[in-house]
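Notes for the structure review
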Amino acid sequence: MFANSIRSVIRNSVRTPSTLRITAYNQAKLLNLNNSIIRRNYSDHHEETFEEFTTRYEKEFEEAYDLFEVQRVLNNCFSYDLVPSPAVIEKALRACRRVNDYATAVRVFEGLKHKVENSEQYEAYLEELKDVREELGVDLKEELFPESA
């Protein structure tokens, strides 16, 4: 008697193929709805312009209060697929000076050298930032270790 009631419960809980098709259809419909929502949200984001990028990172370097913050902002800034403007590099150098980290200031120029497309662009950046380098006393890696350049 007890076994019969268990069998009937199991038999009633097993789905028939028609209910499986309906469930699969509803799941596919729900999945399509979710994908359309995701696509819509994905395409609605704001594309940041170079000027907005520059302004944002100038502000972040001004607000960096310790070495960890300066290095974090530098890492984020250099991770983009563009070369930061000279104004951003200047703010980065001043932030390095503010937290008293000479090594990071030298590494800014080393990262910039790898980020630009050719040596002429690197030379243009060096010329643009020459006054700041002299004011802050930042040497280049090439000047510090001429044999490894």
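Remember, predicted model here, so these are calculated numbers, not experimental data. (Residues numbered from 1 in each chain as written. Predicted model: local features only at pLDDT ≥ 70, side-chain atom pairs only at ≥ 80, totals over all residues. Heavy atoms only, no water.)

**Quick look at the packing of helix α3 (residues 50-63) against helix α4 (residues 67-78)**
One can describe the packing of α3 onto α4 by two numbers: an axis separation of 10 Å at closest approach and a directional angle of 165°. As far as their axial angle goes, α4 and α3 are roughly antiparallel. Of the two possible hands of crossing, α3 and α4 adopt the one that is left-handed. When α3 is examined against α4, the residues F53, Y57, E60 and F61 are found in contact with a partner set consisting of V70, R72, V73, L74, N76 and C77. A breakdown of the residues in the contact of α3 with α4 according to their chemical character gives seven nonpolar, one polar and two charged. (Axes fitted to C-alpha atoms, helices over the stretch in contact; angles between N-to-C directions. Helix = DSSP H or I, 4+ residues; strand = E, 2+ residues; numbered from the N terminus. Parallel < 35°, antiparallel > 145°, perpendicular 65-115°, else oblique. Left-handed = near helix turned anticlockwise from the far one by under 90°. Contact = heavy atoms within 4.5 Å. Nonpolar A, V, L, I, M, F, W, Y, C, P; charged D, E, K, R; others polar.)

**Quick notes on the packing of aromatic side chains**
Each aromatic ring pair is described using two quantities: the centre-to-centre distance and the angle formed by the ring planes. Under the criterion given, the structure shown has four aromatic pairs. Ring centres of F50 and F53 lie 6.3 Å apart, and the angle between their planes is 20°; this geometry places the pair in the stacked category. Of the two residues, F50 and F53 are both situated in helix α3; the distance of three residues between them amounts to about one turn of the helix. Residue F53 is classed as buried on the basis of its relative accessible area, which comes to 1%. (Phe/Tyr/Trp six-rings, centres within 6.5 Å; stacked < 30°, edge-to-face > 60°. Buried < 20%, exposed > 50% of the residue type's maximum accessible area, 1.4 Å probe, protein only.)

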